[in-house]
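Letter by letter, the chains look like this.
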Amino acid sequence: MKIRSKKNLPVFLCFVAILLVAAVSGCGLDNYYYLDMPRSDGHTAILSSSEDIQNYFSFVTNEESSTGNNDDYFNSSSDFIFLGTEVYYKIYSNQSTMTTVESSVSSMVSNTSTYTSASDYLIFTKGYKALTIDHGVLDPLIKGGTAPSNRHVYIRLCDWGDSQEYQDGICVGSSTIDRWSDSDALKVDGQAVHPRRAGSFGGFEFSKSADSSCPLPKDGDPDVDVSSGATEAGIWYVDMYAISVGRDTTYTESYSQPLFLGAVKIEERD
């Protein structure tokens, strides 16, 4: 029978200790799930006249296997599920401040080593808020269905002209949308919804009236940045992104890279 030498015992014990630490650490390892970001439909909102007909946001959700891997997360037995697509926005008084953030996000998105940092930067560092609606609750805004299906999404924050086709609203359909219609309107309890700011701050038809349901943005509002002063008196800029969202069994949410939807300029109204 061979007897283990005492001088080798410390080495053996260290080896066992390392194995135990590795085993314990392995039990707590985080799982990372990678979501494909929403897709562009070819339209990006541009900073132009507040009455420009092109001042709307649009994109395509990314759910089907032909455009990514998010379809893998529709299985109810999976440890991770696709929740849908959320839309995040921020209101700025200064155009340059906004474009600086946009440039930072663009750099992060193009860097494959910082996969989720752009969404984290927008949401947790810069305070972008999820777009809400005027009645009911949708979380996320565009919920994933029972089966993966790419959908076209259209959002207009402010009315343009007198036509119902260009009223503020949200539409979801199977093909490109560039105007509101009741058949494509996103609805809750059978009633079409309208986009609203996060919290109880009303809509985006910014009004100087004291009793307005769409009050002016102000310093201290969680969805507003006035840190650099106003580029132009009475003008606000709304920046917007779309992000795919999923959740694991611990209810921890994960995000895709953000899709830049553009920005619009909104003029205060009397």
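What you are looking at is a predicted structure, and each value in this text was computed from that prediction instead of being measured. (Residues numbered from 1 in each chain as written. Predicted model: local features only at pLDDT ≥ 70, side-chain atom pairs only at ≥ 80, totals over all residues. Heavy atoms only, no water.)

## Thoughts on helix α2 (residues 95–110)
Thinking step 1. With 16 residues, α2 should cover 22 Å at 1.5 Å per step; its first-to-last C-alpha distance of 23 Å lies within 8% of that length.
Thinking step 2. Buried residues of α2: Thr-97, Met-98, Val-101, Glu-102 and Val-105, and no others. End-on view of α2: buried residues confined to an arc of 140°, all on one side of the axis.
Thinking step 3. Here the buried face of α2 lies against β2 (80–92), α3 (117–125), β11 (224–225), β12 (235–248) and β14 (259–267). (Helix = DSSP H or I, 4+ residues; strand = E, 2+ residues; numbered from the N terminus. Expected span 1.5 Å × (residues − 1). Buried < 20%, exposed > 50% of the residue type's maximum accessible area, 1.4 Å probe, protein only. Arc of directions from axis to C-beta. Contact = heavy atoms within 4.5 Å.)

## Brief notes about the nonpolar core
Thinking step 1. Grouped together as the largest cluster of nonpolar side chains are 31 residues, with contacts concentrated most on Leu-131, Leu-141, Ile-155, Leu-157, Phe-204, Val-238 and Met-240.
Thinking step 2. Broken down by secondary-structure element, the contributors of at least two residues to this core are β1 (57–60), β2, β6 (152–156), β7 (169–173), β12 and β14.
Thinking step 3. Other than its neighbours up to four places away in sequence, Leu-141 contacts Thr-85, Glu-86, Val-87, Leu-131, Ile-133, Ile-155, Ile-170 and Leu-186.
Thinking step 4. Within the second largest apolar cluster, 18 residues are counted, among which are Val-101, Val-105, Ile-243 and Tyr-255. (Core = buried A, V, L, I, M, F, W, Y, C linked by side-chain atoms within 4.5 Å.)

## Thoughts on the sheet that holds β6
Thinking step 1. Strand order in the open sheet formed by three strands is β1-β6-β7, and the pairing between neighbours is antiparallel. The sheet is open, and its two edges are formed by β1 and β7, each paired on a single side. Adjacent strand axes in the sheet meet at a mean angle of 10°, parallel and antiparallel pairs treated alike.
Thinking step 2. Bridge count for β1 against β6 is four bridges, and the pairing is antiparallel. Directly across from Val-60, in β6, lies its bridge partner His-152. (Pairing = 2+ DSSP bridges. Axes fitted to C-alpha atoms, helices over the stretch in contact; angles between N-to-C directions.)

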